[in-house]
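Notes for the structure review
Below are the chains, spelled out letter by letter.
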Amino acid sequence: MTRARTRGADTHRCPACGTRLLTQWVGHTAALHARVPLPPPDEPRPLATAREEIAGDPNRLVWCLPRSPYAPPRLRWTGARHPPDCPHQHLPDHNCPPAEPSTLF
C-alpha cells in the first residue's frame with residue numbers, strides 16, 4: 001500500500017539541532033523542498049534582515065511566509081520582483097550550526 005503524497009506544509013523538528021521547522025514543496029514545475037525555521041506569528045521578519053542573514057552564501061534562499069487565519073502557512077518565492085516593503089515574514093532556509101566533535105578517543 002502506498003502513502004498519498006501531500007502538497008501542504010508540515011512542521012517538525014530538525015533531527016540535528018532540534019529547531020522547529022516548516023517543511024514544504026514550493027513551486028509547480030521545478031519545485032524545491034524548502035525547510036525554514038518557524039518563528040512566532042507576531043515576530044516581524046523584514047526582507048532586508050533575512051537577506052543580510054544569508055549574505056555571503058549564494059546557495060541559500062529567502063522565502064516569504066504570508067499567514068492567514070483560514071489557511072495553513074504557505075511559503076512563496078522571493079525573487080527580483082518581490083516588493084522590498086512586503087509586510088509578511090521573510091525566512092531564510094534552515095542551516096544547521098556546525099556539530100560539536102563527538103569522537104571517543
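Each value, and the rule that gives it
Residues numbered from 1 in each chain as written. Predicted model: local features only at pLDDT ≥ 70, side-chain atom pairs only at ≥ 80, totals over all residues. Heavy atoms only, no water. Helix = DSSP H or I, 4+ residues; strand = E, 2+ residues; numbered from the N terminus. Buried < 20%, exposed > 50% of the residue type's maximum accessible area, 1.4 Å probe, protein only. Contact = heavy atoms within 4.5 Å. Areas by Shrake-Rupley, 256 points an atom, 1.4 Å probe, with all protein chains shown as cover. Salt bridge = Lys/Arg side-chain N within 4 Å of Asp/Glu carboxyl O. Pairing = 2+ DSSP bridges. pLDDT = per-residue confidence, 0-100. Polar contact = N/O pair within 3.5 Å; in protein donor to acceptor, adjacent residues only side chain to side chain.

Along the protein chain, the regular secondary structure elements total 1 helix and 6 strands. Listing the helices and strands of the protein chain from first to last along the sequence gives β-β-β-α-β-β-β. Counting the 105 residues in the protein chain, one finds 27% classified as buried. Long-range contacts, defined here as pairs at least 24 residues apart, represent 55% of the contacts in the protein chain between residues at least 6 apart. When the accessible surface of the protein chain is split by element, carbon and sulfur atoms take 56% of a total near 8000 Å².

Turning next to the pattern of salt bridges. In a structure, side chains of opposite charge can pair up when their charged atoms sit close to one another. In total, this model carries 2 salt bridges according to the counting rule given. For Glu-43, the salt bridge goes to Arg-45, with nearest N and O atoms at 2.8 Å. The partner of Arg-60 in a salt bridge is Asp-93, and the shortest N-O contact between them spans 2.9 Å. Of this pair, Arg-60 sits in the loop between helix H1 (47–53) and strand S4 (62–65) while Asp-93 sits in the segment after strand S6 (89–92), placing them 33 residues apart in sequence. Just as Arg-60 is buried, Asp-93 falls in that class too.

Taken in spatial order, the 3 strands line up as S5-S4-S6 in an open sheet, and their pairing is antiparallel. The open sheet is flanked by strand S5 (76–77) and S6, the only strands paired with a single partner.

The next point concerns the pairing of S4. The alternating pattern of S4 places Val-62 and Cys-64 on one face and Trp-63 and Leu-65 on the opposite face, and all of these are buried. Both S4 and S5 contribute to a ladder of 2 bridges, which runs antiparallel. Residue pairing in the sheet places Cys-64 in a bridge with Arg-76 of S5.

Our focus in this paragraph is the environment of Trp-63. With respect to the helices, strands and loops of the structure, Trp-63 is situated in strand S4. On the accessibility criterion, Trp-63 (2% relative accessible area) is buried.

Here the focus is the confidence of the model for the protein chain. Low-confidence regions, as indicated by low pLDDT, have predicted coordinates that should not be scrutinised in detail. The share of residues in the protein chain with pLDDT of 70 or more is 85%, and the mean pLDDT across the chain is 83. Throughout residues 1–6 the model reports pLDDT below 50, and contacts reaching past four residues in sequence, or to other chains, amount to 0 contacts.

This part covers the side chain of Arg-60. For Arg-60, a relative accessible area of 15% gives the class buried. At 2.4 Å, the side chain of Arg-60 and the backbone oxygen of Asp-93 are in polar contact. Apart from the residues lying within four places of it in its own chain, the contact partners of Arg-60 are Glu-53, Ile-54, Pro-92, Asp-93, His-94 and Asn-95.

As a further point, take the pairing of strand S3 (residues 32–37). In this structure, strand S2 (residues 20–26) lies alongside S3, joined through 6 bridges in antiparallel fashion. Opposite Trp-25, over in S3, you have His-33 as the bridge partner. In this antiparallel pair of consecutive strands, S2 and S3, the connection spans 5 residues, and Gly-27 shows a positive phi of 105 degrees.

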